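Next come the chains, spelled out residue by residue.
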Amino acid sequence: MARFTILAPGNPDNPGPNQYIRDELETIGAELRIRPFSTLEEMLEEARDVDGFTQGGLTYNRETVEQLPDRIRVVGAGGIGVDFIDVEAATERGIIVYNIQGVFEREVAQHAMMLLLACARRLMPINRSMIEGTPVSRGTIQPVYEQTLGLVSFGNIGRAMAKIATGFDLRITACDPFVSQAAADPWGVTMVDQETLFKESDFVSCHVPLTPSTHHIIGERDFRNMKPSAYFINTGRGKVVDEKALIEALQEGRLAGAGLDVQEQEPPAPDNPLRKMDNVVLTPHYASASVRGGIERARKAGRQLVTILSGRWPDDGLVNPAVKKLAAEKWGMPAE
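Residues numbered from 1 in each chain as written. Predicted model: local features only at pLDDT ≥ 70, side-chain atom pairs only at ≥ 80, totals over all residues. Heavy atoms only, no water.

### Overview of the overall build of the protein
And step 1. Scanning the protein for helices and strands turns up 13 helices and 12 strands.
And step 2. By the compact-globule yardstick of 20 Å for 336 residues, the protein fits well, its C-alpha radius of gyration being 22 Å.
And step 3. Each of the 336 residues in the protein was classed as buried or not, and the buried ones make up 50%.
And step 4. Considering only contacts within the protein whose residues lie at least 6 apart along the sequence, 62% involve residues at least 24 apart.
And step 5. If you sum the accessible surface of the protein, you get close to 16,100 Å²; carbon and sulfur atoms cover 50% of it.
And step 6. The protein carries 36 positive and 45 negative side-chain charges, and their two centres are separated by 3 Å. (Helix = DSSP H or I, 4+ residues; strand = E, 2+ residues; numbered from the N terminus. Rg over C-alpha atoms; globule rule 2.2 N^0.38 Å. Buried < 20%, exposed > 50% of the residue type's maximum accessible area, 1.4 Å probe, protein only. Contact = heavy atoms within 4.5 Å. Areas by Shrake-Rupley, 256 points an atom, 1.4 Å probe, with all protein chains shown as cover. Lys, Arg positive; Asp, Glu negative; His and termini not counted. Charge placed at Lys NZ, Arg CZ, Asp CG, Glu CD.)

### Remarks on the packing of helix H5 (residues 105-120) against helix H7 (residues 156-166)
And step 1. Packing of H5 against H7 brings their axes to within 8 Å, and their N-to-C directions diverge by 55°. The orientation of H5 with respect to H7, classified from their angle, is oblique. As for the relative orientation of H5 and H7, their crossing is right-handed in sense. Across the interface between the two elements, Glu 105, Arg 106, Val 108, Ala 109, Gln 110, Ala 112, Met 113 and Leu 116 of H5 pack against Asn 156, Ile 157, Ala 160, Met 161, Ile 164 and Ala 165 of H7.
And step 2. Class assignment of the residues belonging to the contact of H5 with H7 gives a composition of 10 nonpolar, two polar and two charged. (Axes fitted to C-alpha atoms, helices over the stretch in contact; angles between N-to-C directions. Parallel < 35°, antiparallel > 145°, perpendicular 65-115°, else oblique. Left-handed = near helix turned anticlockwise from the far one by under 90°. Nonpolar A, V, L, I, M, F, W, Y, C, P; charged D, E, K, R; others polar.)

### Observations regarding H7
And step 1. Where H7 is concerned, the buried positions are Ile 157, Gly 158, Ala 160, Met 161, Ala 162 and Ala 165.
And step 2. Each element contacted by the buried residues of H7 is listed here: H5, strand S6 (148-152), strand S7 (171-175) and strand S9 (203-206).

### Concerning the pairing of strand S11 (residues 257-260)
And step 1. By the alternation rule, side chains of S11 split into Gly 257 and Gly 259 and Ala 258 and Leu 260, which are all buried.
And step 2. Bridge analysis of strand S10 (residues 231-234) against S11 gives four bridges, and the strand direction is parallel. Following the sheet pairing, Phe 232 is matched in S11 by Ala 258.
And step 3. Handedness of the crossover is the feature at issue here: the chain leaves S10, passes through helix H11 (residues 243-251), returns alongside S11, and the resulting connection is right-handed. (Pairing = 2+ DSSP bridges. Right-handed = clockwise from strand over helix to strand, strands pointing away.)

### Overview of the sheet that holds strand S12 (residues 280-282)
And step 1. Strand order in the open sheet formed by seven strands is S8-S7-S6-S9-S10-S11-S12, and the pairing between neighbours is parallel. The open sheet has two edge strands, strand S8 (190-191) and S12, and neither has a second partner.
And step 2. Contacting S6, S7 and S9, H7 runs over the sheet at an angle of about 170° to S6.

### With respect to the pattern of salt bridges
And step 1. Following the criterion strictly, the structure yields 19 salt bridges and no others.
And step 2. Asp 49 is the salt-bridge partner of Arg 33, the closest N and O atoms lying 2.7 Å from each other. In this pair, Arg 33 is assigned in strand S2 (residues 31-35) and Asp 49 in the loop between helix H2 (40-46) and strand S3 (52-54), connecting sequence segments 16 residues apart.
And step 3. The exposure class of Asp 49 is partly exposed, given its relative accessible area of 36%. (Salt bridge = Lys/Arg side-chain N within 4 Å of Asp/Glu carboxyl O.)

### Brief notes about the state of the cysteines
And step 1. If you walk through the whole model with that rule in mind, you get zero disulfides.
And step 2. For Cys 119, which is in no disulfide, the shortest distance to another cysteine sulfur is to Cys 206 and amounts to 14 Å.
And step 3. Judged by relative accessible area, which is 6%, Cys 119 ranks as buried.
And step 4. Between Cys 175, a cysteine without a disulfide, and Cys 206, which holds the nearest cysteine sulfur, the sulfur-to-sulfur distance is 8.7 Å. (Disulfide = S-S within 2.5 Å.)

### A few points about the sheet that holds strand S5 (residues 96-98)
And step 1. The strand order across the open sheet formed by five strands is S2-S1-S3-S4-S5, and the pairing between neighbours is parallel. The sheet is open, and its two borders are formed by S2 and S5, each paired with just one other strand. Neighbour-to-neighbour, the strand axes of this sheet turn through a mean angle of 20°, independent of strand direction.
And step 2. Bridge analysis of strand S4 (residues 74-76) against S5 gives three bridges, and the strand direction is parallel. Residue pairing for S5: Gly 76 is matched across the bridge by Tyr 98.
And step 3. In the packing of helix H1 (residues 18-26) onto the sheet, contacts are made with strand S1 (5-9) and S2, and the angle to S2 comes to roughly 155°.
And step 4. Helix H12 (residues 291-309) rests against S1, S3, S4 and S5 of the sheet, and its axis sits at about 155° to S5.

### Details of unusual backbone geometry
And step 1. Here the bond from Glu 266 into Pro 267 is cis, since omega is -5°, no more than 30 degrees from zero.
And step 2. Mapped onto the fold, Pro 267 is located in the loop between S11 and S12.
And step 3. We note that Glu 146 has phi near 60°; this positive angle belongs to a residue other than glycine.
And step 4. Looking at the secondary structure, you find Glu 146 in the loop between helix H6 (123-132) and S6.
And step 5. In this structure, Asp 169 is a non-glycine residue whose phi angle is positive, near 60°.
And step 6. Relative to the elements of secondary structure, Asp 169 occurs in the loop between H7 and S7.

Here it is, written out as structure tokens:
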């Protein structure tokens, strides 16, 4: 019998990338149990005798976390974002939460630049004009070179975006309370406050993670500060943006357009006005998707699990370092 068992959502007859997690776990004699759970009730039933689980597209609020079996010691995110679980509640129960870093940054940055270019070059209306045989005015296409790109958050994805944007001769600014100008200098980025960024940018690209403090961090005031010719891009999290304020800015012509990989509700409701706007490009939370990314995501997840189940802390990706004291008591992990 395996010493540890990890639960993952999926088809046990066709594990796909989960096979890479399984391969890593087998190096320490641990088991990956793949089950097709799609609801919290099904997940809780499957989790009765496992030591941890991977995200699986479900949301685990405090009430759900408190229902998890005492045996659960680790929960893994499928990517960078951890808004799927109440991290504080998990910490209180000694549950280690990790995410996947160093895998998706370039994919997400490429997707953000794709949305930016699609907006500026009016890709969707032009594509539709070719299909329908209707003309599109050349005068509505915006230049990208020598314009100003403002990055909201300047972490790893923002830095990858800055590297790409440099090749388009964009002037790059960023706002991030955790990044100094000295840290931004090697990237050729000027740190500014949020108000200045929205006022001066021709393109604003949002890379903010969702936490209690970042909910609706971008709202009506920011959109009123933007130039009528500017575009807003979001590949972070939908709920960091007040979507109602964004829609109103677009409807009133106070914003040239938007490229959104994330929305407040995913998928957006059929009657969401964003679905019907010619100046909006929507993608289905796919910014991190790629063949390479899916494989590397699974391999990294497997390595994170092996490290934690072997009684060590991972070099990166530990979401709740405050768990260390309780994890040392419950699981024999190092106290530091």
